[in-house]
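Residue-level listing of the chains:
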Amino acid sequence: MAGSGHGSGGPPPPPPRYRYLDLLFALLGAAAFLADLVADLWVASSYMQAGHCLWGGLVLALLGLSSLAMQFFSWAWYQTDGIKQDLPSGRCLAVLHLLQLGYLYRCLRVLRVGWRVCRAETAAQQERGYAVFLSHDISMLRLFETFLESTPQLTLAVSIVLHTNKVEPFQGLGICTASLCVAWSLLDYHQSLRCFLMDKQELGPLSSTIYFLWNFLLICPRVLAVALFATLFPCYVGLHFLGIWAAMLLWVWLQDTAFMECPRREWLYRATVAVILYFCWFNVAQGQTRQRSAIYHGFILVDSGLLAGSWLWYNAPLQERSYLLLVLPAALVCSVLGVLLRLAYYKWLHPTLQTRRQASYDEVDTAEGLAGFRAGPAPAPVNRRMYQLSQNHFLGSPQAGRNWGNGILDDMPL
């Protein structure tokens, strides 16, 4: 690879050990998904029974659209990965995904493989890598589901509560489960990104807490601003979403993403990322992100301020909703604190900076310094999709000479 340099030149580190803790997280993730599904159906039916068919229909529409997107990504990845281990026939897989069971099938697979790896005293490197490979795809699908369903439903629930000025038990459950899904997916995604780093730089409590907090503290004010605008102009919030989504889609396209193997499927990925960007920052390209991040956060801050300001203009002096006199300043504090925590994360906890002082591992030599990614080539399968996102997140400058396989890094020329 052009511009790469190796440290010790020894054998590549093995894939990360799949532990019982990872198996427990996989089980809890599947349980959380099912609990969220049951809560969504309960919320939708409760709205329908109360005569609010539009609200119930929106909940079901968000649930259906996110499920269709998840099933499509899952099926497309099965088609291109080239891993046929323990897989049924292509026709059976297609039926599973048509029945909207593809994600649950993936969860069952990772639980079965993970249990087999954890029980074996000396599991083969290939088997361990396969368990991690499967967990990475689930993490990515869960992230998509979070921002295609849970976050929009959270926004809808908050908007309805603000509109009615009361909280029903099923609404409280829906808000709690949606918030739990957002928190879980952010932590799980961060853990998957860190999986490709050196052992000393893998997931740590402090870095994970800061990463989660700055994302969550920036998402909550955004959700509140959109919800406030939706209570004021319910007919125009859809136009607002489409306008911002189109701008973000153009933003992603200009960065020339290459996440999917098929160019037509790449547009679905870009459309999904544009939805994520409506709510929070998501890095899709390597290189210096400081300017891109500053532009994005400045744009979102101005947009959220205009949404909340419009609501205040038409609802002052807030006699019926006096509690918002505390909530709105708290949301502003959350935004500022989220930005400060993000700066602290990238200044002191980001592995691109931390690994420069490490010399006992094979490393990637970039124009900015050394980033401690696991070296290859390793015989175990490596998830190309999560590896690419990990590079986007941790590397300070682009790399040349990648050799991608179909969903797998056949050779990691680091």
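The rules behind these values
Residues numbered from 1 in each chain as written. Predicted model: local features only at pLDDT ≥ 70, side-chain atom pairs only at ≥ 80, totals over all residues. Heavy atoms only, no water. UniProt positions renumbered as here; feature names shortened; annotations may be inferred. Helix = DSSP H or I, 4+ residues; strand = E, 2+ residues; numbered from the N terminus. Buried < 20%, exposed > 50% of the residue type's maximum accessible area, 1.4 Å probe, protein only. Areas by Shrake-Rupley, 256 points an atom, 1.4 Å probe, with all protein chains shown as cover. Expected span 1.5 Å × (residues − 1). Contact = heavy atoms within 4.5 Å. Phe/Tyr/Trp six-rings, centres within 6.5 Å; stacked < 30°, edge-to-face > 60°. Axes fitted to C-alpha atoms, helices over the stretch in contact; angles between N-to-C directions. Parallel < 35°, antiparallel > 145°, perpendicular 65-115°, else oblique. Nonpolar A, V, L, I, M, F, W, Y, C, P; charged D, E, K, R; others polar. Core = buried A, V, L, I, M, F, W, Y, C linked by side-chain atoms within 4.5 Å. Salt bridge = Lys/Arg side-chain N within 4 Å of Asp/Glu carboxyl O.

Under an unreviewed UniProt entry, the protein has the name XK-related protein and belongs to Chelydra serpentina. Of the comments in the UniProt record for the protein, the one headed Sequence similarities (unreviewed entry) reads "Belongs to the XK family."

Trainee: It is not clear to me how the overall build of the protein should be interpreted in this structure. Could you clarify?
Mentor: Per the secondary structure count, the protein includes 13 helices and 2 strands. Buried residues in the protein amount to 54% of all 414 residues. When the accessible surface of the protein is totalled, it reaches about 18800 Å², and 68% of it is carbon and sulfur.

Trainee: Please clarify how helix α1 (residues 20–49) should be interpreted in this entry.
Mentor: Along an α-helix, residues three or four positions apart point the same way, because every turn accommodates 3.6 residues. In a regular helix each residue adds 1.5 Å, so 30 residues correspond to 44 Å; α1 covers 43 Å between its end C-alpha atoms and thus fits that length. After α1 finishes, the residue G51 shows a positive phi value of roughly 90°.

Trainee: Teacher, can you tell me more about the environment of E145 here?
Mentor: On the secondary structure map, E145 appears in helix α5 (residues 125–164). Separated by 40 residues in the primary sequence, E145 and S185 have C-alpha atoms spaced 9.0 Å apart. Setting aside its immediate chain neighbours within four residues, E145 contacts D36, M70 and S150.

Trainee: Looking at this structure, how should I read helix α7 (residues 205–232)?
Mentor: The first and last C-alpha atoms of α7 sit 41 Å apart over 28 residues, in line with the 40 Å expected at 1.5 Å per residue. Of all the 28 residues making up α7, 21 are buried; the element is thus mostly covered by neighbouring parts of the structure.

Trainee: Help me understand the packing of aromatic side chains in this model?
Mentor: Working definition: an aromatic ring pair is given by the centre-to-centre distance plus the angle between the planes. Under the counting rule described, the total for this entry stands at 22 aromatic pairs. Residues Y20 and W115 carry aromatic rings whose centres are separated by 6.3 Å and whose planes lie at 70° to one another, so their mutual orientation is edge-to-face. Residue Y20 is located in helix α1, and its partner W115 is located in helix α4 (residues 102–119); the two are separated by 95 residues in the primary sequence. Among the residues examined, Y20 registers a relative accessible area of 48% and is labelled partly exposed. With a centroid separation of 6.2 Å and an interplanar angle of 65°, the aromatic rings of W77 and F259 are classed as edge-to-face. Of the two residues, W77 is situated in helix α2 (residues 53–81) and F259 in the loop between α8 (237–254) and α9 (263–279); the sequence distance between them amounts to 182 residues. Across this residue pair, the class does not change: W77 and F259 are buried. Here the aromatic cluster, defined as three or more aromatic residues joined through ring pairs, consists of F72, F73, W77, F144, F259 and Y269.

Trainee: What is the right way to look at the packing of α8 against helix α10 (residues 290–315) in this model?
Mentor: When two helices pack together, their arrangement is given by the angle between their axes and by how far apart the axes lie. As a packed pair, α8 and α10 sit with axes 13 Å apart at the nearest point and diverge in direction by 175°. Regarding the angle of α8 to α10, the classification is roughly antiparallel. Each of H240, I244, M248 and W251 in α8 lies in contact with α10, whose residues at this interface are R292, I295, Y296, F299, I300, D303 and L307. Residues of the contact of α8 with α10, tallied by class, amount to 8 nonpolar, 1 polar and 2 charged.

Trainee: What is the right way to look at the nonpolar core in this model?
Mentor: One recurring pattern in soluble globular proteins: nonpolar side chains tend to sit buried together. Core analysis: the largest hydrophobic core is formed by 91 residues, its most contacted members being Y18, M140, Y189, Y269 and F282. In this view, Y269 contacts F73, F144, T257, F259, M260, F282, V284 and L389; residues no more than four positions away in its chain are not counted. Counting 8 residues, the second largest nonpolar core, distinct from the first, contains V43, V59, L156 and I160.

Trainee: Help me understand the pattern of salt bridges in this model?
Mentor: One side chain can pair with another of opposite charge once the charged atoms of both are near each other. Enumeration according to the criterion identifies 8 salt bridges in this entry. Among the ionic pairs, R385 bridges to D137, the shortest N-O distance being 2.9 Å. Highlighted residues: R385 in helix α13 (residues 384–394) and D137 in helix α5, separated in sequence by 248 residues. We note that R385, like D137, is buried.

Trainee: Would you take a moment to explain the side chain of R342 for this structure?
Mentor: When you line up the elements, R342 lands in helix α11 (residues 324–349). Beyond its immediate stretch of four places on either side in the chain, R342 contacts W214, W281, S293 and H297.

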